[in-house]
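Fold and geometry: a report
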Amino acid sequence: MKQQIPNAEERLAAALNTVRPKLFRYCARMIGSAVDAEDVVQDVLLVAQEKLPDANVKNTEAWLMRIAHNKAIDHLRTRARYRMVQFEDTDLPDTYQRPFDAQEAAKVALSVFLQLTPLQRACVILKDVLGYKLAEVAEMLGDQTVGSVKAALARGRQNLQRLATQTTEEQVIPLEPEAAALLRLYAKRFQERDISGIQRMLLDDVRLDLVAVVRAQGKDRVGKYFGNYRALDELSLTIGQVEGRPALYVEDGGEPFVVVLEFEVEHIAAIRDFHFARHSTDSMAFHALKEVPR
């Protein structure tokens, strides 16, 4: 029987099963935000779907990572949220080759990665965090040679080592008292499965992003989302923040995940739930709120 060769759409779908977590980790460190990284990943998927019919793609994973790199750079340029620190290209010893392993790199604050030049940052993330070979990194970056990747990697490692010894934690910005109070109320009602109480907290045009699954807007549509959690018995919530935003750290017997909230006045304006994107958790610096004295 003749073996059927997968078409381009099937290859893309198959690649996304394994590549999407890598796309997220790459974008989070490139733009300095694990919360906003999902927006960049969504842009990557849209571009891939649009270009796929006309693209002669031989290496789907490398092609997707190249799109992710370009989209991350676009994000930084348009948002201009961070000042890029351009380290001087000082002479480095050829023997300096100690890489960051994935666990070590995960402990480095996202804001620290942002202090590398974009090329140094990309090379360290692709080689040391995601484990690609030098030739693969050069292919993913598109306009680089193996030699230029090797040089940028060495400089990026040295600069990251220097910066990581200074700080390895994100700066924690305290939540406003009103936001902290709303977060505690939301968590209390969630734990008690008071769905009607939660729904009363929603803005009429509240937005939901159930990451990697669906996006919805409007109180009626978003209100139905809470029914998915009603029947769960093993559910533990820790209130806190991620990147200065109100958030919940959720444990349900599987890998933990994060839910990020946005409040307006006394209502919930947006919910970003990473239940189906648990690979994002290791890129998020979650800081629990201190208990309020009784």
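Computed from a prediction, not measured in an experiment: that's the story for all the values here. (Residues numbered from 1 in each chain as written. Predicted model: local features only at pLDDT ≥ 70, side-chain atom pairs only at ≥ 80, totals over all residues. Heavy atoms only, no water.)

With that settled, consider the environment of L237. Its location among the elements puts L237 in strand β3 (residues 236–242). Using a relative accessible area of 15% as the deciding quantity, one classes L237 as buried. Expressed as a C-alpha distance, the spacing of L237 and V259, which sit 22 residues apart in the sequence, is 9.9 Å. When residues no more than four places from it in sequence are discounted, the contact partners of L237 are A187, F190, Q191, L248, Y249 and V250. (Helix = DSSP H or I, 4+ residues; strand = E, 2+ residues; numbered from the N terminus. Buried < 20%, exposed > 50% of the residue type's maximum accessible area, 1.4 Å probe, protein only. Contact = heavy atoms within 4.5 Å.)

A cluster of acidic residues, D204, D205, D220 and E264, forms a negative patch on the protein surface. Take E264: it is sitting in strand β5 (residues 257–264). Of the residues examined, E264 reaches a relative accessible area of 39% and is grouped as partly exposed. (Patch = residues over 30% accessible without salt bridge, like charges linked within 9 Å, V, L, I, M, F, W, Y side chains within 5 Å. Areas by Shrake-Rupley, 256 points an atom, 1.4 Å probe, with all protein chains shown as cover. Salt bridge = Lys/Arg side-chain N within 4 Å of Asp/Glu carboxyl O. Lys, Arg positive; Asp, Glu negative; His and termini not counted. Charge placed at Lys NZ, Arg CZ, Asp CG, Glu CD.)

Across the seven residues of strand β6 (residues 267–273), six count as buried, placing the element largely inside the fold. Two elements, strand β1 (residues 202–210) and β6, share five bridges in a ladder whose sense is parallel. Note on β6: the bridge partner recorded for L202 is I268. As judged from the six bridges shared by β5 and β6, these two strands associate in the antiparallel manner. Paired with E262 across the bridge in β6 is A270. Hairpin connection from β5 to β6: two residues lie between these consecutive antiparallel strands, with V265 at a positive phi of about 55°. (Pairing = 2+ DSSP bridges.)

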